[in-house]
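Chains, contacts and geometry: an overview
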Amino acid sequence: MILGENRQTSHGFEIVEFDDRYGAACSLQQSSMIGDYEDSLDRPGSSCVWLGIHEVEASILKADAEALGMKVEGEVSGWMDYPLPEQVLLAGRMHLDREQVRGLIKRLKRWLKTGSFGEP
């Protein structure tokens, strides 16, 4: 099974968008960065990738929100949205180079085979 559909961004870089198990929008995208790798010097998009969720959601425990003077509706347990000013940006994607991706793939292959990230 292939994860997501491969398409291009408005700048011509490949992107695969998918939802995680909780329904959060995620993506794997080529980066415009040109790295030190010989095979990527003339190919933007081949030295690094972006991986992660699109939007980070700020949450606060309802009990803590109430202690801070925030209005809490319903039972005072569990989590609720924590409103942030429009000027605040929360970034949730990782910027990985080729060596990091190789290491991630090794760990993921090991996990698929054994259920563990560590050496067998």
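Note that the structure is a prediction, hence the values are computed from the model and not measured.

What follows covers the packing of aromatic side chains. Under the criterion given, the structure shown has 1 aromatic pair. Measuring from centroid to centroid gives 6.4 Å for Trp-111 and Phe-117, while their planes differ by 25°, and the two rings are stacked. A residue is classified by how much of its surface remains accessible, and Phe-117, at 45% relative accessible area, is partly exposed.

Before going further, it helps to spend a moment on the environment of Met-70. Considering the arrangement of structural elements, one finds Met-70 in the loop between helix H1 (62-67) and strand S6 (79-81). The exposure class of Met-70 is partly exposed, given its relative accessible area of 21%. Taking the C-alpha atoms as reference, Met-70 lies 38 Å from Gln-29; in sequence the two are 41 residues apart. Among all residues touching Met-70, those that are not within four sequence positions of it are Ile-60, Ala-65, Met-80, Asp-81, Tyr-82 and Pro-83.

So, on to the environment of Phe-117. Tracing the backbone through its elements, the reader meets Phe-117 in the segment after helix H2 (98-114). The spacing of Phe-117 and Leu-104 is 13 residues in sequence and 9.7 Å in space, taken between C-alpha atoms. Beyond its immediate sequence surroundings of up to four residues, Phe-117 is in contact with Arg-107, Arg-110 and Trp-111.

This part takes up the layout of surface pockets. Space left empty within the atom packing is revealed by a probe, the size of a water molecule, rolled over the atoms. Looking at the largest pocket, its volume works out to about 530 Å³. Along its surface, the largest pocket is lined by 17 residues, and Leu-3, Phe-18, Leu-51, Leu-104 and Leu-108 are the ones closest to its centre. Looking at the lining of the largest pocket, the elements with two or more residues in it are strand S3 (25-30), strand S4 (48-53), strand S7 (93-97) and H2. No other element matches the 6 residues that H2 contributes to the lining of the largest pocket. Among the residues making up the lining of the largest pocket, the classes are represented as 15 nonpolar, 1 polar and 1 charged. Looking at the second largest pocket, its volume works out to about 190 Å³. Every residue lining the second largest pocket is listed: Trp-50, Ile-53, His-54, Glu-55, Val-56, Glu-57, Leu-89, Leu-90, Ala-91, Gly-92 and Arg-93. A per-class count over the lining of the second largest pocket returns 6 nonpolar, 2 polar and 3 charged.

A few words on the pattern of salt bridges. Pairing is possible between side chains of opposite charge, provided their charged atoms come close. Taken as a whole, this structure holds 2 salt bridges when the rule is applied. The salt bridge partner of Arg-7 is Glu-17, with a shortest N-O separation of 3.1 Å. Here Arg-7, found in strand S1 (residues 5-8), pairs with Glu-17, found in strand S2 (residues 14-19); they are 10 residues apart in sequence, far enough to count as distant. Taking the relative accessible area as the measure of exposure, Glu-17 reaches 34% and is therefore partly exposed. Salt-bridge contacts for Arg-102 lead to Glu-99; the nearest nitrogen and oxygen are separated by 2.6 Å. One end of the pair is Arg-102 and the other is Glu-99, both in helix H2 and 3 residues apart, which spans about a single turn. In this structure Arg-102 comes out as partly exposed when scored by relative accessible area, which is 42%. A relative accessible area of 48% means that Glu-99 is categorised as partly exposed.

About the cut-offs
- Residues numbered from 1 in each chain as written.
- Predicted model: local features only at pLDDT ≥ 70, side-chain atom pairs only at ≥ 80, totals over all residues.
- Heavy atoms only, no water.
- Phe/Tyr/Trp six-rings, centres within 6.5 Å; stacked < 30°, edge-to-face > 60°.
- Buried < 20%, exposed > 50% of the residue type's maximum accessible area, 1.4 Å probe, protein only.
- Helix = DSSP H or I, 4+ residues; strand = E, 2+ residues; numbered from the N terminus.
- Contact = heavy atoms within 4.5 Å.
- 1 Å grid on protein atoms, 1.4 Å probe; cavity = no way out; pocket = protein on both sides within 12 Å on 5 of 7 lines; lining within 4 Å.
- Points joined across faces, edges and corners; volume = space filled by probe spheres on them.
- Nonpolar A, V, L, I, M, F, W, Y, C, P; charged D, E, K, R; others polar.
- Salt bridge = Lys/Arg side-chain N within 4 Å of Asp/Glu carboxyl O.

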